[in-house]
Each structure stands twice: as C-alpha cells, then as structure tokens.
Amino acid sequence: MQVNGHSYEIRDEVLEELWVRLEEGGLESVPAGEIILEGTRVNEGVFESLREDGLISLDGSDIRLTDKGFEEARKTIRRHRLSERMFADIFDVVQEEMEDAACRFEHMLIKHELEEKICVLLGHPKQCPHGRSIPIGECCLRAETMVDQAVVPMNRLRQGESGVIAYVHSGDSEKLKKLMAMGILPGEPVALERRYPSFVFNVGFSRYAIDEGMAEAIFIRRQHPDKR
Amino acid sequence: MPFDGLARCGDRRHRHGPGGKVSKLMGVLGSRKHRHRGGCHTGDDGGSVPESSHRRILMVGNPNVGKSALFNRLTGSYVVVSNYPGTTVALSRGRMRHGGQEFSVVDTPGMYSLFSITEEERVGRRMLMEGDHDLVLHVVDAKNLNRMLPFTLQLLQAGLPVILVLNIMDEAEEAGLAIDVETLSRRLGIPVVPTVSISGKGIHPLKDIIAAGGWGGNGFHVDYGLTIERAARELAPLMPETAFTKRSTALLALQEDRDVLGMISAKGSETAQRAFSIINALKKDLDRPVNYYLTLNRQRRADQLLEGVMTRREVTTGDLRRTLDRFLINPLTGVPILALVLYFGFYKFVGGFGAGTVVDFLEGHLFEDYFIPFVNGWTERLIPWPALQDLIAMDYGVVTLGVRYAVAIVMPIVGTFFLVFSVVEDSGYLPRLSLLIDKLFKRIGLSGRAVIPMTLGFGCGTMATMVTRTLESVRERIIATVLLALAIPCSAQLGVIFALAAQKPGVIVTWIGTVFIIFLAVGYLTARILPGGNPDFFIEIPPLRPPRLANVWIKTSTRMRWYFMEILPLFLLASVLIWAGNLTGLFQAALWALGFPTRAIGLPDEAAQAFLFGFFRRDYGVAGLYDIQTTGALTGNQLAVATITLTLFLPCVAQFLVMMKERGWRVALTVSTFVFPLAFAVGGMVNYLLNLLRIEL
C-alpha cells in the first residue's frame, strides 16, 4: 500500500476517531464500517497501512488499537486539542474557524518541541474548548511540580494579581449564564482585589464580588506570572 | 440606586406585568404584532392628541442604571404604580408631555439581555415581545457602555425602534471616560443621548429627540458564525409572530428560552417537532450552551463598535473613598464598622430617637392626652351599644388600638428605620456587607445576597418576607422566610425590648446571644433538611457615594407609603379580631390554653396575654410585657425568658398572611407549627439553665 502525503492526515483522523470511540467511549473494538470521516467511509487502504505499521489490529472487520497505536492516538488527540485551545485562547477565533484551523495545524505539531512549547505557552491546559480532556504530555507532568501556571482559575490567583480572562468553564450552565450576563467574557482584563471573605475583582469599569464556586469557573491568563 | 441590582423583581402572580402566562401573551400577540412599525408617527400631530394616539415609550435596561430616576425626570412625577419597596420591581407607568405632544411611558424591571434568566426579567421581555410600544428607550450606565451595548444590539436586531440613553454620564466622566456620542450614533444608526438623570442634565435634548419622532428599527446585523446562523435560518419560518424579527425569535429559541419554546409548542406538534429537532441538532454541534457563543459574538461586535468611541484617561479616585472602601470589605475592619453602623444607625437613631423621643411625643402626649379621650368621649355619646363602642374605641378599639399602634408607635419606629435603611442603601454599603457575610450565610443555606431581606426584617418582617422573592431559588426563599418568622425581631419589637431591658444589660446580652444561636442553628438545620445545593453568590459593587437626599427621600417615602397601604388595614383587622375574640370568649379560652406553657417556663400568667397579642402584632406582645414589668412583676430572669420566647414566637398576623401569599399555606403552617413549640422550648431551656447556674440577671 502506498502511503502518500495526503493520507498521513487521514491516518491521524482515523486514530483520533478510534481514540474517542475506544478510550473515551469505553468500547473494546469498533467495526471498520462505523469509522466515518466528514460523511464518507474510510478507504480500506488506510486501515491496512495502520495495521502494517502495527498501530491497529483487525479482527474480521473489528478494529482494535495496539499498545503502540494507543500511544500514537493519544499524542494525535493531544495535538489536536492543544491546537484548538491555541486558536480559541490566543487567536480568539470563532467555533468553526477554530475547528478547521486546528485540523490543519495539528499536523504541524508533530515535532515534539513545538508541541511542548505551545503547551507551555497555554499553561498546560486540561481541556479543549469543547470541554474534552487533553491527554497529559511530559511537559505537563514537569509543570505540575511548578507552582505557577500561565492559565489558572481565579481562585488560584493571588490577591492583587491581574490577568486576562482566557475562558469561562463550568459544568453548571446556570453559573455560566450568570457570568456571561455580568460581562465576564474571554479577553476582558481582570484584577483580583481580594480573596477573602469573597473574591472581589474589577472587570472593565465594574467591580464584582463572587464566591469561590464561581471563581473556579473563570480561567485567567496571568499577566505577570511570578517565577519564583 | 445601588441596590436595584439585587432586588430586581416583578410580582409574577398578580398586579404587575402584562400577564403572567405565556398563553395570555400569545392571545394578544396576534392583534398587536408589529404595531409599532406601522404605527410610527411622524411627530407633527399638533397640540391635542387624542387618547388613543398617545405614543408609547418603553424603558428597558440593566438594573442599577438610574432608569427610575430617568422615568421620574421624563414624566415629571413620582408616579409609582404597584411598586413595592426594596426594589424597582414592577412596571411604573407615567405620562410625558413635550412640544405639545403627549406620550405614555412605561418603566420595566431591570434586565440584562433579551434572553431572560430570571422570572423577573421576563416581565419586561414579554412587554417588548408584545410590541405594545412605539419606541424603546434603552438606558445604560455610560461607564459600563461596553458591557451593556450588546443588549442594544439585541434590541436592534429584534427590529425594535431604539434610542440609546447613556445615563449617569457624570460618573463616567469622573472615571476619566470620554464617549464620542456622534460617532457611536452614526455607527449604530440610531439616536444616542447622554444624560444625568439625577441632576436632569440632558433630559431636555432627550425629550426633543423623542418628540421629533421618525424612529424605526434598523435591523442591525450581528453575525454568529455559520453553524448558528444556519440553524437560525432554518428555524425562523417556524417562529411565532411577535414584535421581534423572526431571526431574533429563532435565536431565543435556540437558547431554549422558556417563553419562546412555549409559543412554539402552542403552534402544533408538527411545527414544534421540527423546531425542537433543529434546536437539539445545534446543541449537539456545539459543546457549550448556544448562549455562550451568542454572547461572545455580540460582545465582540460591541467592542468593534466602540473602538475609538470610548477613550479613557487614568484618574485616581479619592484616597479617602478608596481607603473607606478597603476597610469596608476587609473583615478585620468591616465587622467593627458594621457594629458601629448598627449601634448608631439602628440602636441610637431608631431605638433611641424613633422608639424613644418620637413615640413618647406621639403616643404619650398627642394620643394619650388628646386623641384617645376625644374618640372615647364621642363614641360613648354617639353609640349606645357597649359592644359596638368597644369595636371603635376603648381598650381594643379599631381607632384607639389599631390606629394608635399604627400611627403613634409603629410609624415612628418603622419610619426612622426605613430612613436609616435608605441612607445605608444609597451609599452602596449593602453590597459590601453582602460580600462580607456570604461565607456565614452559606452555612445557613443562603448567599450574601440575602442581606437585603434579612436586614429589612429588622425593620418589618412582613415587608422582608415579601422581598425574599428576590432570592434566586425556592430553597433560599423558604430558609429566609423561616428565619424571618423565627429569629429576626422587627423594629417595633426591638424598640420595646430595648426599652424594657434598658436597665439590665445582662438580659440584653442573654437575649441577643440566645436568639443569634437559634438563628444559626435553625438556619443550619433547615439548610440540611431542604433538598438542593447552596446558591451562587455574585454581586456588582457600585462605587461608594454620599447618599443623595432625593434618593433617600424617594426610597423612604415609597416604603412608608407601602407600609400604610399594606399594613394599616391589617392592624385594623387585628383589632377587629381581638374585639371579636373578646366578645365571643375565644380569647379567654386561648389565654387559658397558653397559660400552661407560660407557667411551665417560669413566667407569670399575665405573660400569656402578651404572647397572644404578640401574634396579632409582635410589638403588641412586647408592649404587653412592658405593662407587666412596670408593675415590677418580672424578675430579670423572667424578663430574659419572656423576651426570648416572644422574639422566637409566631410572627404577627400580617407576616403570617404574607408568608401564606408568598410561600403557600403549607409552608406557612409548617413554619408556624414548628415555631410555636420551639419558642417555648428555648424559653424553658434558658430558664432552666439560668436557675441551674444560679444566675440572677
């Protein structure tokens, strides 16, 4: 089977899809016919090339990831979601453009160094803009031991610290709506005035007090990360 | 009005609002749709405008932007229809005359956006949707224009004719902000008018622009990206007819707005099914609420529009104000300041001046010496039947008891309380207090936002129980209602208790300590028992400012007016009930029954009467104790036990009725049956402990 440049991308897409189905969906195997990318079935040849590289095993038409394939898929997913995070946080692009751009960009992250740099830049994010988790990289493990991250929830900011709202995320959609109504939106600069007894901060020309539960939902990109 | 933000609220069931039900709304939509567009007048009607052709102005905007003050400026009067205190809640209606034309003006409760989160916001939204208006005034706080402009965009997008009013310009200028009004107006394609409603600046130009007419919607377009736009396009034809553009209604539907979904369902199951499948499909495509993306896009568009329009230079706020502010929100200094406010504002001014000086003069002098003898005399002369005489005059008469208590005792106390409360409210202190107290309140299932009803409870528990409806969840409302009924003494009661125990600091300390412990314990337990989680706490902190006389006056007088309209009749009812009770012997029976628990907690028989009266008016009860005490019948211990029991005892009739109205009879009865034994149990326990420890207060 010939592997031309184009199908590298398809291979990655297939691996990502398999990761989502098997790792996140909790399945043992997936029938090849169910792997559908952009509305079309995947060419048999792609599976064949993945199998030849030892990334998947085929049991009839059921596909499983091998250990090697599992690791490869994890990295691919990580690159994809990191890219999304980057386009959403740094370039501030809207949903569809972000997805489109991320799909292209992820393939440029194959160089390990570049992936790490972006991960550091983004503050080792835990979730993609859709709220799905980003697999941890080596750099994230290293960063866990460091105190300061670039993007942290407001309740981890120190008193007097300032930054820019990177994103708002909460499992509770009511909380999210309230924050939106208050004008707490990505891109707005904030300064944390007090942490106790409530979180007091300035956004724009308004000043708010909120409790810790709401502060947890506001993720701030620190302006002057204190490198102690 | 720094506190409107907290207390925005509309009465959902009656009185206010264009109709509580979606169905009602739909009933009128057909006939009223798009009326404002076709009916746009050109403004040359001449002097006498017939009633039917009054053009109608609807005022909308965030809470806390000075909308009410603007309303008063436009209409030139303080017409406050069906307003209830603590809030600008309902719809205020008034008339504005300018350039020989007449307009009707309606002010709506604060709302943050067209997508309404709370029940309260929906009142104004429904009015907008009904389209029963020719012009919408969107009032914003100029210094927060960037945050409020997205709402303007929503209104324009909905196809409504809008004038944007940049209010509170003075504060924006103080903050070093400059706004290029003309450029903004050109970019938006609508008139933009800067005003200062408190001082009246800019009001005349605003009226000129309104009177010039020629307003119309311009369908300003904000793009929300392919996915959402596609869904909105598919959904639009299925939307009901309202004053909004179909696209705008579709966008609301995509956010699963309850009202709009209700209207869609009413269009028949086939339409509804198609609509819901579009909505659900979009939800699957997006991993965050649709609302999130809409808000984000609108904000981005607003920021674009404001580029070069809004500029800021650095200004340093007054050092004194900043320092005071810091002290207020720091618990170390904030708590002592709270103690000072309570001591001087409430203990000294309300307790000392209101309950002391003013009551002594009105009750002790005017009523005792002149009014009561006069009424008694004439009643005896004109009415021959003693039973009827007792109804009007004598000990428990409607005039001699009801009116006397309402006017001579309660009015001065409640009036001074409302005055202090309004001053505190206007200064911006309450939001700071709420952030200070949030952590404590979370323990009892409330959030810092509950400081309003809770502090108001020290003025009048009845009014406070009404204001609990501004709390977010039913759970919070119930907890607040229970605590108000049980452990928050009203000002009338406080006044008399302080007078009773003035010579006995031990009694006051025991009383405050016990009631406070019960407050926390019951709050904690109620929060444990009721299902549901703790409420979120979030509040905007307005700048501190010296209270403005006009605001304080409006707030105090509105509350006083409410008090008289709502409470006075209940006073009168109470005295009729007491009269009837006396006449039928029911009263004596109740007294006899109450005698047992009263004696059980070590109090003399006479105290039973105080408890019984306490139900009719809590302060009647304490006043009754006062009589007993002046005869020297109560020891210090008994006084402590009596005041504690009476404070915890059932709320007064008025509060009970409001509890029933607001929370339903089941909650009201449960609370009452729980409070009754608890009050006596706590009283008995305190009595037992004092005796056990051989403490003589």
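Worth saying up front: this structure is predicted, and the values here are computed from it rather than measured.

**Focus: the sheet that holds strand β9 (residues 538–540) of chain B**
Now for step 1: One open sheet accounts for 7 strands, arranged β6(A)-β11(A)-β7(A)-β8(A)-β9(A)-β10(A)-β9(B); its pairing is antiparallel. Each of the sheet's edge strands pairs with one partner strand only, and the pair in question is β6 (151–153) of chain A together with β9 of chain B. For this sheet the average axis-to-axis angle between neighbouring strands, irrespective of direction, equals 35 degrees.
Now for step 2: Bridge analysis of strand β7 (residues 162–168) of chain A against strand β8 (residues 189–194) of chain A gives 3 bridges, and the strand direction is antiparallel. Across the sheet, the residue bridging to S162 of chain A is A191 of chain A, located in β8 of chain A.
Now for step 3: Of the strands in this sheet, β9 (199–203) and β10 (206–210) of chain A together with β9 of chain B are in contact with helix α18 (residues 429–443) of chain B, which crosses β9 of chain B at around 155 degrees.

**Considerations on unusual backbone geometry**
Now for step 1: Cis peptide bonds are those with omega within 30 degrees of zero, and the linkage from Y196 of chain A to P197 of chain A qualifies with 0 degrees.
Now for step 2: With a phi angle near 55 degrees, I168 of chain B is a residue other than glycine that sits in the positive phi range.
Now for step 3: Inspection of the secondary structure assignment puts I168 of chain B in the loop between β5 (162–167) and α6 (169–174).
Now for step 4: We note that R694 of chain B has phi near 55 degrees; this positive angle belongs to a residue other than glycine.
Now for step 5: Relative to the helices and strands, R694 of chain B resides in the segment after α30 (665–692).
Now for step 6: A count of 6 C-beta atoms within 10 Å places R694 of chain B in the exposed class.

**Quick notes on the nonpolar core**
Now for step 1: Of all hydrophobic cores here, the largest spans 234 residues; its most connected members are I218 and I220 of chain A together with I163, V165, L166 and L235 of chain B.
Now for step 2: V14, W19, F47 and I63 of chain A belong to the second largest nonpolar core, which has 14 residues in total.

**Digging into the domain arrangement of chain A**
Residue and element names in this part refer to chain A.
Now for step 1: According to the domain assignment, chain A consists of domain 1 (5–65), domain 2 (79–144) and domain 3 (151–222).
Now for step 2: Look at where the C-alpha atoms of domain 2 and domain 3 centre, and you get two points 22 Å apart.
Now for step 3: If you look at the interface, domain 2 gives 7 residues, while domain 3 gives 6 residues.
Now for step 4: Looking at the side of domain 2 that touches domain 3 residue by residue, the class counts come to 2 nonpolar, 3 polar and 2 charged.

**Focus: helix α28 (residues 636–648) of chain B**
Residue and element names in this part refer to chain B.
Now for step 1: Here α28 contains 13 residues, and its C-alpha end-to-end distance of 18 Å stays within 8% of the 18 Å for a straight helix at 1.5 Å per residue.
Now for step 2: Counting buried residues along α28, 12 of its 13 residues qualify, which places the element largely inside the surrounding structure.
Now for step 3: All buried positions along α28 are accounted for by N637, Q638, L639, A640, V641, A642, T643, I644, T645, L646, T647 and L648.

**Re the pairing of strand β3 (residues 101–107) of chain B**
All names here are of chain B.
Now for step 1: Of all 7 residues in β3, 5 are buried; the element is thus mostly enclosed.
Now for step 2: Sheet topology note: the strand β1 (residues 55–60)/β3 ladder contains 5 bridges and is parallel. When the bridges of β3 are listed, M59 appears paired with D107.
Now for step 3: Taken together, the 7 bridges between strand β2 (residues 92–98) and β3 define a ladder with antiparallel strand orientation. Bridging from a neighbouring strand, R97 pairs with E102 of β3.

**Some words on the confidence of the model for chain A**
All names here are of chain A.
Now for step 1: Per-chain confidence: chain A averages 79 in pLDDT, with 88% of residues scoring 70 or above.
Now for step 2: For chain A, helix α6 (residues 138–144) is the element with the lowest average pLDDT, namely 71, and helix α8 (residues 212–215) is the one with the highest, namely 94.
Now for step 3: Counting contacts from residues 1–6, a segment whose pLDDT is below 50, to residues more than four positions away or on other chains yields 5 contacts.

**Some thoughts on the environment of M148 of chain B**
Now for step 1: Within the secondary structure, M148 of chain B is located in helix α5 (residues 145–157).
Now for step 2: Not counting residues up to four positions away in its chain, the partners in contact with M148 of chain B are N62, V140 and D141 of chain B.

**Thoughts on helix α9 (residues 226–235) of chain B**
Residue and element names in this part refer to chain B.
Now for step 1: Among the residues making up α9, those that are buried are I228, A231, A232 and L235. The buried side chains of α9 occupy one side of the element, clustering within an arc of 100 degrees when seen end-on.
Now for step 2: Considering only its buried residues, α9 is in contact with α10 (246–254), α12 (269–285) and α13 (290–306).

Definitions and cut-offs
- Residues numbered from 1 in each chain as written.
- Chains lettered and ligands numbered in written order.
- Predicted model: local features only at pLDDT ≥ 70, side-chain atom pairs only at ≥ 80, totals over all residues.
- Pairing = 2+ DSSP bridges.
- Helix = DSSP H or I, 4+ residues; strand = E, 2+ residues; numbered from the N terminus.
- Axes fitted to C-alpha atoms, helices over the stretch in contact; angles between N-to-C directions.
- Contact = placed C-beta atoms within 7 Å.
- Buried ≥ 20, exposed ≤ 12 C-beta atoms within 10 Å, placed from the backbone.
- Core = buried A, V, L, I, M, F, W, Y, C linked by C-beta atoms within 7 Å.
- Domains from an automatic or database assignment.
- Nonpolar A, V, L, I, M, F, W, Y, C, P; charged D, E, K, R; others polar.
- Expected span 1.5 Å × (residues − 1).
- pLDDT = per-residue confidence, 0-100.
- Arc of directions from axis to C-beta.

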